[in-house]
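# Inside the fold
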There are 4 protein chains.
Amino acid sequence: MGEISSSNGNGHGNGNGNGVHASAHLGGDGRRKSCWYEEEIEQDLRWCFALNSILHTGASQYQDIALLDTKPFGKALVIDGKLQSAEIDEFIYHESLVHPALLHHLNPKTVFIMGGGEGSTAREILRHVTVEKVVMCDIDEEVVDFCKSYLVVNREAFCDSRLHLIINDARAELQTRQDCFDVIIGDLADPIEGGPCYQLYTKSFYESTVKPRLNEGGVFVTQAGPAGVFSHTEVFSCIYNTLRQVFKYVVPYSAHIPSYADTWGWVMASDTPFTVDAEELDTRAKRRMKGENRYLDGKTFASASMLSKVVRKTLAKETQVYTEGTAKFIYGHGAGHRSQPHA
Amino acid sequence: MGEISSSNGNGHGNGNGNGVHASAHLGGDGRRKSCWYEEEIEQDLRWCFALNSILHTGASQYQDIALLDTKPFGKALVIDGKLQSAEIDEFIYHESLVHPALLHHLNPKTVFIMGGGEGSTAREILRHVTVEKVVMCDIDEEVVDFCKSYLVVNREAFCDSRLHLIINDARAELQTRQDCFDVIIGDLADPIEGGPCYQLYTKSFYESTVKPRLNEGGVFVTQAGPAGVFSHTEVFSCIYNTLRQVFKYVVPYSAHIPSYADTWGWVMASDTPFTVDAEELDTRAKRRMKGENRYLDGKTFASASMLSKVVRKTLAKETQVYTEGTAKFIYGHGAGHRSQPHA
Amino acid sequence: MGEISSSNGNGHGNGNGNGVHASAHLGGDGRRKSCWYEEEIEQDLRWCFALNSILHTGASQYQDIALLDTKPFGKALVIDGKLQSAEIDEFIYHESLVHPALLHHLNPKTVFIMGGGEGSTAREILRHVTVEKVVMCDIDEEVVDFCKSYLVVNREAFCDSRLHLIINDARAELQTRQDCFDVIIGDLADPIEGGPCYQLYTKSFYESTVKPRLNEGGVFVTQAGPAGVFSHTEVFSCIYNTLRQVFKYVVPYSAHIPSYADTWGWVMASDTPFTVDAEELDTRAKRRMKGENRYLDGKTFASASMLSKVVRKTLAKETQVYTEGTAKFIYGHGAGHRSQPHA
Amino acid sequence: MGEISSSNGNGHGNGNGNGVHASAHLGGDGRRKSCWYEEEIEQDLRWCFALNSILHTGASQYQDIALLDTKPFGKALVIDGKLQSAEIDEFIYHESLVHPALLHHLNPKTVFIMGGGEGSTAREILRHVTVEKVVMCDIDEEVVDFCKSYLVVNREAFCDSRLHLIINDARAELQTRQDCFDVIIGDLADPIEGGPCYQLYTKSFYESTVKPRLNEGGVFVTQAGPAGVFSHTEVFSCIYNTLRQVFKYVVPYSAHIPSYADTWGWVMASDTPFTVDAEELDTRAKRRMKGENRYLDGKTFASASMLSKVVRKTLAKETQVYTEGTAKFIYGHGAGHRSQPHA
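Residues numbered from 1 in each chain as written. Chains lettered and ligands numbered in written order. Predicted model: local features only at pLDDT ≥ 70, side-chain atom pairs only at ≥ 80, totals over all residues. Heavy atoms only, no water.

Following the criterion strictly, the structure yields 64 aromatic pairs over all chains and no others. When the ring of Phe49(B) is compared with that of Phe73(B), the centres are 4.8 Å apart and the planes differ by 65 degrees; the resulting orientation is edge-to-face. Of this pair, Phe49(B) sits in strand S2 (residues 45-59) while Phe73(B) sits in the loop between strand S3 (64-70) and strand S4 (74-79), and the two are 24 residues apart along the sequence. Since its relative accessible area comes to 0%, Phe49(B) is described here as buried. Between Tyr37(D) and Phe49(D), the aromatic rings sit 5.6 Å apart at their centres with planes inclined by 55 degrees, giving tilted as the arrangement. Here the residue Tyr37(D) occupies a position in strand S1 (residues 35-42), and Phe49(D) occupies one in strand S2 (residues 45-59), the gap between them amounting to 12 residues. Of the two residues, Tyr37(D) and Phe49(D), both sit in the buried class. Taken together through their ring pairs, the aromatic side chains of Tyr37(A), Trp47(A), Phe49(A), Phe73(A), Tyr37(D), Trp47(D), Phe49(D) and Phe73(D) make up a single cluster. Here the basic side chain of Arg46(C) rests over the ring of Trp36(B), its NZ or CZ set 3.9 Å away from the ring centre. Over the face of the ring belonging to Phe247(D) we find Lys211(D), whose NZ or CZ atom lies 5.4 Å from the ring centre. (Phe/Tyr/Trp six-rings, centres within 6.5 Å; stacked < 30°, edge-to-face > 60°. Helix = DSSP H or I, 4+ residues; strand = E, 2+ residues; numbered from the N terminus. Buried < 20%, exposed > 50% of the residue type's maximum accessible area, 1.4 Å probe, protein only. Lys NZ or Arg CZ within 6 Å of the ring centre and 35° of its normal.)

Residue and element names in this part refer to chain B. Across the sheet, which stays open at both edges, the 7 strands sit in the order S8-S7-S6-S9-S10-S12-S11 with mixed pairing between neighbours. Looking at which strands have only one partner, the edges of the open sheet turn out to be strand S8 (163-167) and strand S11 (249-257). Across the sheet, the mean angle separating the axes of adjacent strands is 15 degrees when strand polarity is ignored. As judged from the 5 bridges shared by strand S6 (residues 110-115) and strand S9 (residues 181-187), these two strands associate in the parallel manner. Looking at S9, one finds that isoleucine 113 is bridged to isoleucine 185. Packing of helix H1 (residues 90-104) onto the sheet brings it into contact with S6, S9, strand S10 (214-226), S11 and strand S12 (262-270), and relative to S9 it is tilted by some 160 degrees. (Pairing = 2+ DSSP bridges. Axes fitted to C-alpha atoms, helices over the stretch in contact; angles between N-to-C directions. Contact = heavy atoms within 4.5 Å.)

With the rule as written, the count across this model stands at 52 salt bridges over all chains. Arg46(A) is the partner of Glu38(A) in a salt bridge, and the nearest nitrogen-oxygen pair spans 3.4 Å. Judged by its relative accessible area of 7%, Glu38(A) falls in the buried class. What makes Arg46(A) buried here is its relative accessible area of 4%. In this structure, Glu173(C) and Arg177(C) form a salt bridge, with 2.8 Å as the shortest nitrogen-oxygen distance. (Salt bridge = Lys/Arg side-chain N within 4 Å of Asp/Glu carboxyl O.)

The next thing to look at is the pairing of strand S5 (residues 82-86) of chain D. Residues and elements named next belong to chain D. When you tally the buried positions in S5, you get 4 out of 5 residues, the bulk of the element. Sheet analysis places strand S4 (residues 74-79) next to S5, joined by 4 bridges and oriented antiparallel. Note that in S5 the partner of isoleucine 79 across the bridge is lysine 82. Taken together, S4 and the strand that follows it, S5, pair antiparallel across an intervening segment of 2 residues, in which aspartate 80 is found at a positive phi of about 50 degrees.

Glancing now at the confidence of the model for chain A. Residue and element names in this part refer to chain A. In the predicted model, chain A carries a mean pLDDT of 88, and 85% of its residues have values of at least 70. Confidence drops under pLDDT 50 across residues 1-28; counting only partners more than four residues distant or on other chains, this segment forms 80 contacts. Below a pLDDT of 50 lies the segment residues 327-343, which in the model reaches 64 contacts outside its immediate sequence neighbourhood of four places, other chains included. (pLDDT = per-residue confidence, 0-100.)

Note that Ser259(D) resides in the loop between strand S11 (249-257) and strand S12 (262-270). Residues within four places of Ser259(D) in sequence aside, it is in contact with Trp47(D), Phe49(D), Phe73(D), Leu83(D), Ala86(D) and Asp89(D).

Two measures define how a pair of helices packs: the angle their axes make with one another and the distance between the axes. Residue and element names in this part refer to chain C. Between helix H7 (residues 236-244) and helix H10 (residues 309-317), the shortest axis-to-axis distance is 9 Å and the interhelical angle comes to 45 degrees. In terms of orientation, H7 lies oblique with respect to H10. Classified by chirality, the crossing of H10 by H7 is right-handed. Counted together, Phe236, Ser237, Tyr240 and Arg244 of H7 and Val311, Thr314, Leu315 and Ala316 of H10 form the full contact between these two elements. (Parallel < 35°, antiparallel > 145°, perpendicular 65-115°, else oblique. Left-handed = near helix turned anticlockwise from the far one by under 90°.)

Here it is in structure tokens:
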């Protein structure tokens with residue numbers, strides 16, 4: 001017998017915003033797909049996912065937000081037409097962002113997240129049993145509320161009593177605060193000149209704002225934009241070089257993220273040397289973390305931090321440093337910064 | 001102040017299935033659109049609408065159903081990946097299907113709809129004050145239920161006491177019934193050979209099943225597929241020629257429907273001559289119909305029934321007739337017919 | 001045996017620019033098509049043709065030009081990302097633009113084309129044996145040269161000794177000339193405010209420049225933009241209303257053009273009444289024209305000039321008039337006008 | 001001044017098939033792109049490149065071939081609607097396929113390529129000064145001819161006197177030959193069951209056909225399909241496991257290839273242990289190879305062969321082995337195998 005599948009408007013009285021939606025059988029298996037999400041990765045390059053449904057949409061003062069249910073990558077958070085995070089592979093991004101820094105640290109108790117409104121970064125941090133306090137500082141309250149409501153996978157994290165959520169510009173917040181942190185994590189949009197987050201990637205910001213808020217032995221890590229064979233020249237090499245001006249030890253690493261259609265990069269930095277080898281990293285993970293990682297372990301990190309020849313060459317030769325100077329005109333520009341990476 | 005717009009799962013306790021949905025601000029005005037509905041009109045031709053949201057989806061034993069909210073054409077009913085009806089221009093199709101036949105008839109009291117599950121054909125018929133009974137016979141109960149639930153514009157029609165809704169194969173139903181009708185309307189999928197509706201376009205069906213069920217002075221009208229400068233050779237000319245074998249007076253006509261990206265065709269047939277001119281058609285409409293048509297009036301029909309040279313030439317030379325013979329292999333094929341036109 | 005089909009670079013020593021090209025078997029019959037031309041009809045509406053090949057491309061000081069070989073519509077001339085003309089249905093546009101005006105005129109000997117660089121308008125005019133002189137005035141020499149070289153169908157027209165090709169702004173040209181014409185034809189881009197052709201659609205242009213250059217009994221006709229059930233409000237109704245201020249007799253008409261995915265409009269105007277009926281139009285065509293029209297004849301024009309109710313209502317109520325006033329800021333803007341319609 | 005750019009048909013008398021083409025300025029910088037190549041990576045996932053032009057097309061008895069000029073990835077070889085190789089990043093694939101095997105070998109003099117019709121694999125092999133003979137055995141003569149004619153970058157390789165080109169089924173060829181090789185390279189389509197190359201990935205083929213044709217100390221390497229976090233389960237893990245049944249030492253490795261929108265895999269196998277470390281690999285490359293690699297060096301290979309946790313887990317647990325048994329039905333199927341990887 002045929003039947004009408006669940007649809008949007010019926011409610012069913014359940015409280016689960018994610019559960020009640022139109023799962024568009026628009027072309028069952030084997031049929032042509034009718035509804036598509038289309039992202040312009042570059043002006044001449046598109047990446048398109050068949051859609052099951054458009055689950056939720058919203059708009060904040062800074063940006064448009066949507067939660068889509070895509071066929072190839074599951075639920076996908078899209079901000080201003082750019083994919084932020086896809087259900088089936090966000091673990092690669094978030095495990096790579098969080099765990100190398102926390103596991104290289106001897107005993108991370110306090111962590112500060114710049115941005116991170118999605119909640120996944122906090123979720124990964126909170127898996128570390130040493131962690132006593134996580135401050136997550138995102139400027140966009142609506143994005144945070146949206147993710148709190150709809151990203152089921154992060155609900156527990158948002159409710160964790162160790163998490164302190166602050167709606168503010170991360171730079172202003174760090175400049176005001178007196179307390180220091182063991183780990184500071186940058187989960188922000190890329191440093192596009194004139195873009196909302198440029199100032200949070202500059203040498204002077206790292207020197208005068210980030211470093212003073214790190215405890216002895218502290219580690220800073222930031223997402224660092226695309227790091228593919230061609231795309232690593234956009235911002236990855238320059239973020240690396242900028243951090244190299246400020247910290248004694250700097251480790252760039254990368255991983256291919258299928259839903260981004262690219263390899264992504266992160267840079268970890270400290271004034272304390274990174275001495276943990278693959279085996280010790282695995283040991284620490286086992287001892288200090290709840291649950292098992294799906295992507296990251298000692299060998300994965302060893303591989304991720306050994307970059308390919310092309311990328312190593314660019315990084316070695318990179319001379320550009322992000323400075324406030326070039327971005328001064330942004331002061332008073334008003335729009336603040338976006339809370340999400342790679343927007 | 002930013003705000004999260006209405007989203008799917010919240011219900012709000014209102015009973016309006018259409019009202020509660022995600023209106024995806026995916027790219028506000030001026031921005032690139034992210035979500036698209038894509039229809040393959042032909043294998044080498046696509047027609048794509050930016051999407052606001054996927055409102056409702058379902059599946060019946062015969063077909064997949066979806067109600068989409070599109071930017072260019074409003075709400076759109078899609079069956080098996082083919083646009084059936086778009087909010088902003090379905091009046092062109094349905095006014096053209098219904099009113100010429102009913103207005104050319106002297107006093108139409110009873111009408112039979114083959115298919116028409118969407119409800120719009122019934123809605124237009126019920127605007128005629130002379131009409132006392134409308135029998136709508138559609139094979140697909142789920143499509144009918146879907147449209148009843150979600151197509152707000154047809155709700156009143158579905159509740160009209162003059163409407164008798166029957167779930168059955170229209171051919172079987174007409175063969176069984178004893179009563180006759182003033183007007184019989186074909187609102188079915190195109191006569192693709194081997195397709196679900198082929199048998200309802202054959203000469204013998206018209207002769208042995210339709211004609212006997214028409215009262216004296218009765219009129220038959222059917223949607224007749226695309227009727228553009230090129231596309232009219234697909235089925236339009238052959239439906240016309242088939243009806244010409246069975247009825248004394250046959251009038252083909254057409255109209256461009258923007259959301260179909262084509263000109264569409266209908267054929268009206270009777271054994272009583274069509275003598276109503278443009279002025280009289282307007283007079284009858286004013287006297288017999290509730291509300292005013294948006295598209296069709298006397299002059300519009302005069303223009304619509306004066307086909308262009310290319311089309312007239314094909315119709316004059318058409319020799320093919322749809323016969324049961326060619327479609328015999330379908331017997332017992334099981335799937336029955338689809339209830340929708342141009343599927 | 002397999003074989004490598006003809007490819008671009010080999011030349012074969014034949015002089016036919018159109019004949020030697022890559023006919024991309026990218027997905028033969030039944031296979032998915034790989035290469036597509038995509039046009040953004042509106043920001044939320046796309047129209048996509050599978051491509052055989054990209055035949056020729058060029059750029060002028062005003063615009064980019066391309067000749068594509070498309071699967072659904074044959075060779076297609078694209079200017080600045082907008083389809084101008086498709087091989088298989090340009091006859092609808094050009095027959096509709098040219099023949100009603102020339103056939104309603106008693107004895108058209110001289111014709112002036114504003115724009116028309118493609119050459120198809122001239123080609124249709126030159127089929128009239130009464131015509132002794134055609135002046136075609138287009139501002140974009142490169143477009144004209146491109147079309148001369150690559151549009152095989154118009155080669156004969158470009159070589160006809162009755163054709164006088166002038167590279168100039170049509171307005172400047174008409175203001176300078178002393179001679180008058182029996183028919184003046186506007187084959188220009190739509191009157192978008194601030195666009196290149198706005199000034200050639202204003203009341204004062206029609207009054208002070210066009211009308212003085214028409215002989216006694218002369219006819220003016222112009223393409224008038226999209227004229228569909230929704231799109232006719234963009235410019236069609238206003239062009240009609242503007243001409244109504246200047247000429248005693250004004251006839252708007254329209255036709256669905258498949259490759260445009262819309263119904264298109266033209267407006268014909270004169271101070272002499274249009275008295276030719278369908279039959280007389282056919283008689284004149286037979287007597288005065290070489291070859292037979294594919295699309296336009298007496299009945300087709302009768303139907304085309306009987307607009308649908310929606311469109312008639314808008315036209316009757318239209319009050320806007322295109323005036324120089326609103327476009328004054330364009331003076332000295334430099335870019336002149338485009339030579340193509342609907343750019 | 002505007003000008004008409006070079007176009008396809010003019011020839012210019014130069015002999016360079018690639019040089020004379022339409023470089024479609026369809027939307028210059030900053031404008032919407034009009035012409036697109038669209039690949040269906042999976043049924044619900046598309047990857048689209050803006051097109052400059054369609055350079056050459058052809059068809060063989062086995063497949064359709066096209067050379068496209070794409071904006072994001074340069075010239076792209078497409079076979080049966082699947083991207084084979086893109087100008088700007090084919091070096092990643094071909095350096096990864098060829099150099100690890102040749103550099104791990106002590107002194108590679110003779111190499112056999114199964115497939116490889118594009119010529120790039122031969123080109124990379126011929127950079128090794130130790131190599132005295134390369135036998136390239138591809139079944140599709142038309143593809144080989146097409147690539148010989150149009151892939152300028154491989155012209156020198158196709159002319160190298162050390163290259164012996166054979167048109168034959170690689171399996172038949174290896175079974176017939178008496179000579180042995182230092183390295184055998186599989187550059188074939190993926191082992192899709194029922195697909196053209198399945199038999200060249202089976203345990204019995206490796207055991208009875210490949211291994212006997214390897215000299216003492218010989219190395220076998222094969223492309224091994226997608227190896228991303230999700231896609232590695234398709235064929236990569238099974239190819240690895242199959243080779244593990246036949247050879248004592250098996251090394252799987254992978255690299256992200258931007259134009260494939262995925263990480264790609266290769267598996268290298270031998271009965272002699274792989275003992276060369278990163279440093280020695282670099283030393284050998286410097287000593288034995290002409291020119292410098294762009295992608296692969298010792299550290300790159302070290303990273304590439306340290307797979308991520310997810311992939312390592314799957315490989316460790318993989319039990320499936322490709323056997324002739326499952327593919328027996330293909331015998332006599334006639335079509336032979338395709339010459340290209342990842343078709």
